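The chain contents come next:
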There are 2 protein chains.
Amino acid sequence: MALEPIRPTDDTARATARRLLRITAAASLGTLDAEGFPAVTLTTMATAFDGTPLLLVSGLSAHTRNLKGDTRVSLLVAQTGRGDPLAHPRMSVFGHAEILEHAEAERLGFTRRYLAHNQKAALYVGLPDFRFVRINIARASLNGGFGKAYELVPADLLCDAAASADLAATEADAIAHLNDDHAEALSLYAERFCRMESGRWRATGLDPEGLNMQAGDQRARLAFPAPVHDGTALRHVLKQLAMEARDAA
Amino acid sequence: MALEPIRPTDDTARATARRLLRITAAASLGTLDAEGFPAVTLTTMATAFDGTPLLLVSGLSAHTRNLKGDTRVSLLVAQTGRGDPLAHPRMSVFGHAEILEHAEAERLGFTRRYLAHNQKAALYVGLPDFRFVRINIARASLNGGFGKAYELVPADLLCDAAASADLAATEADAIAHLNDDHAEALSLYAERFCRMESGRWRATGLDPEGLNMQAGDQRARLAFPAPVHDGTALRHVLKQLAMEARDAA
């Protein structure tokens with residue numbers, strides 16, 4: 001049986017895939033249970049600075065028991081929207097799950113990024129059985145809508161964290177500064193570029209390729225025109241985009 | 001490591017589980033891929049008259065290839081809503097997938113029920129590679145929100161189709177009659193009992209335990225106070241509920 005023809009991976013596919021990974025806060029996790037069944041459960045998620053998926057799991061849950069028994073997992077990240085659910089992009093990310101101790105998650109900046117992306121997780125991150133899990137990506141299958149199938153490798157999804165170490169170091173301060181002093185620009189980004197409804201938009205995450213924003217349950221992501229590696233370049237691109245958004249008014 | 005304490009299954013848990021199965025139109029499907037990974041993909045779904053999950057899959061898709069290799073699957077049906085995604089009920093249904101020929105799906109009434117529940121599926125049901133799949137349920141894990149875990153058996157999810165054969169035979173006519181002559185009652189059910197927004201509500205499915213309705217992308221399910229086994233009992237309960245809804249106005 002022939003499978004759906006796989007299209008050659010291009011920058012549009014990579015951008016769709018990276019957006020799905022970066023904006024998603026709740027995903028479907030596949031683990032292998034003791035009977036060898038593929039067990040699908042709901043999980044919250046965020047990404048490390050380089051795009052690696054992060055989960056926060058309860059030690060009392062079936063998926064944690066399963067991934068301790070077999071590290072092979074997949075994660076379905078799907079865009080929801082009106083009409084036929086199969087018309088929207090989604091991606092299955094395959095990889096190996098690695099449970100982290102809290103000190104390690106903290107050291108890697110995962111804890112801060114996770115709680116900024118999933119504010120409700122603050123309610124249980126401190127409970128004794130909860131742990132962060134990193135999904136070390138092996139491959140991914142992107143479905144960008146009917147007939148648009150792509151097979152991706154880790155380099156299609158991840159960015160070079162080493163090249164952006166300076167930006168990573170300033171992420172927390174940059175987000176605080178945007179939220180404290182540039183609320184109007186955040187609203188412009190969300191409403192003009194991301195076509196979201198107006199609201200109290202605030203920044204929740206930042207990486208070399210974009211800025212994540214949230215207003216209540218609405219989430220938006222502003223993709224940068226080109227990767228940004230330090231605070232100076234970040235200020236430049238954000239100022240430029242704010243000017244463009246105002247001009248578009 | 002102790003797992004989350006499992007609560008004894010009660011009627012409230014069964015009602016939540018059955019509602020999730022009956023109202024869901026898009027679910028996450030777990031299959032086993034050739035490398036033994038649990039592969040999670042997006043699928044549309046409906047239910048057979050007795051509650052058995054039905055899928056409509058493309059022969060060109062990865063999940064179809066996977067379930068031909070190994071019938072073990074699970075299906076995550078989740079209620080979405082505002083705030084923390086983990087605060088809403090969801091269920092992982094484990095079972096064995098069985099691919100059906102179109103004539104068999106038609107004979108069992110699956111085709112009609114599927115297309116009524118997923119109108120967009122009419123666009124591809126006729127394509128040569130598409131097939132209906134029945135998930136023969138083995139067990140299910142229900143999470144009704146934090147600390148509310150239940151392990152369910154098939155009898156907790158399915159109803160006795162044999163006892164309701166008369167209702168099954170009249171389902172299509174009953175739905176057409178409701179949509180043609182009782183649009184006002186459908187709106188009352190959706191808006192008063194299901195607390196949905198007003199809209200052009202129409203009936204899409206009927207089974208011994210409830211009535212499914214849709215208005216655009218909004219879906220609602222009216223659970224009957226007690227199981228209904230034939231057209232006479234159905235007319236009685238629908239009339240009674242319409243009167244109660246009017247009185248509540």
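Further up the page is the structure itself.
So, how was this worked out
- Position labels on residues start from 1 in each chain and follow its written sequence.
- Numbering of ligands from 1 and lettering of chains from A proceed in the order in which they are written.
- With the structure being a predicted model, the display of local features is reserved for residues of pLDDT at least 70 and the display and counting of side-chain atom pairs for 80 or more, all residues being used for whole-chain, interface and lining totals.
- The side-chain quantities take in all heavy atoms of the structure and omit both hydrogens and water.
- Least squares is used to superpose the copies, and the fit set is the C-alpha atoms of residues whose pLDDT is at least 70 in both copies.
- The contact definition used throughout considers only heavy atoms, calling two residues in contact when any of these lie within 4.5 Å.
- With a 1.4 Å probe rolled over the protein chains alone, any residue whose accessible area is under 20% of its type maximum counts as buried; one over 50% counts as exposed, and the rest are partly exposed.
- Strands are runs of DSSP state E lasting at least two residues, helices are runs of H or I lasting at least four, and both sets are numbered from the N terminus onward.
- It is the directions from the helix axis to the C-beta atoms whose arc is reported.
- Only the contacting stretch of a helix is used when fitting its axis, a line to C-alpha atoms as for every element, and angles between N-to-C directions run 0 to 180 degrees.
- For classification purposes, an angle smaller than 35 degrees is called roughly parallel, one larger than 145 roughly antiparallel, one from 65 to 115 roughly perpendicular, and anything else oblique.
- Only Asp, Glu, Lys and Arg are considered charged, only Ala, Val, Leu, Ile, Met, Phe, Trp, Tyr, Cys and Pro nonpolar, and every remaining residue, Gly among them, polar.

Visitor: For the relation of the copies chain B and chain A, give the residues involved together with the corresponding values.
Guide: It takes a turn of 180° to lay chain B on chain A, together with a shift of 0.0 Å along the axis; the resulting RMSD is 0.0 Å. On the angle and the small slide along the axis, the relation comes out as a two-fold axis. Across chain B, the smallest distance between a C-alpha and the rotation axis is recorded for Pro38(B), namely 2.4 Å. Taken as a fraction of all interface residues of chain B, those also at the interface in chain A reach 100%, which identifies the copy contact as same-surface.

Visitor: Break down helix H4 (residues 110–117) of chain B for me, with residues and values.
Guide: Three or more residues of H4(B) are buried, namely Phe110(B), Thr111(B), Arg113(B), Tyr114(B) and His117(B). The buried residues of H4(B) occupy an angular sector of 170° when the element is viewed end-on, so they sit on one face.

Visitor: A description of the packing of helix H6 (residues 165–181) of chain B against helix H8 (residues 231–247) of chain B should follow, citing residues and the corresponding values.
Guide: Residues and elements named next belong to chain B. Two elements in contact, H6 and H8, have axes whose closest approach is 9 Å; the angle formed by their N-to-C orientations is 40°. One element, H6, and the other, H8, form an angle in the oblique class. Of the residues in H8, those in contact with Asp 166, Leu 167, Thr 170, Ala 174 and Leu 178 of H6 are Gly 231, Leu 234 and Leu 238. Looking at the contact of H6 with H8 residue by residue, the classes come out as five nonpolar, two polar and one charged.

Visitor: So what's going on with the environment of Leu42(B)? Residues and values would help.
Guide: Inspection of the secondary structure assignment puts Leu42(B) in strand S2 (residues 38–47). For Leu42(B), a relative accessible area of 12% corresponds to the buried category. In this structure Leu42(B) touches Leu76(A), Pro85(A), Leu86(A), Arg90(A), Ala27(B) and His63(B), once residues within four positions along its chain are discounted.

Treat this as a map of the structure, not an account of what it does.
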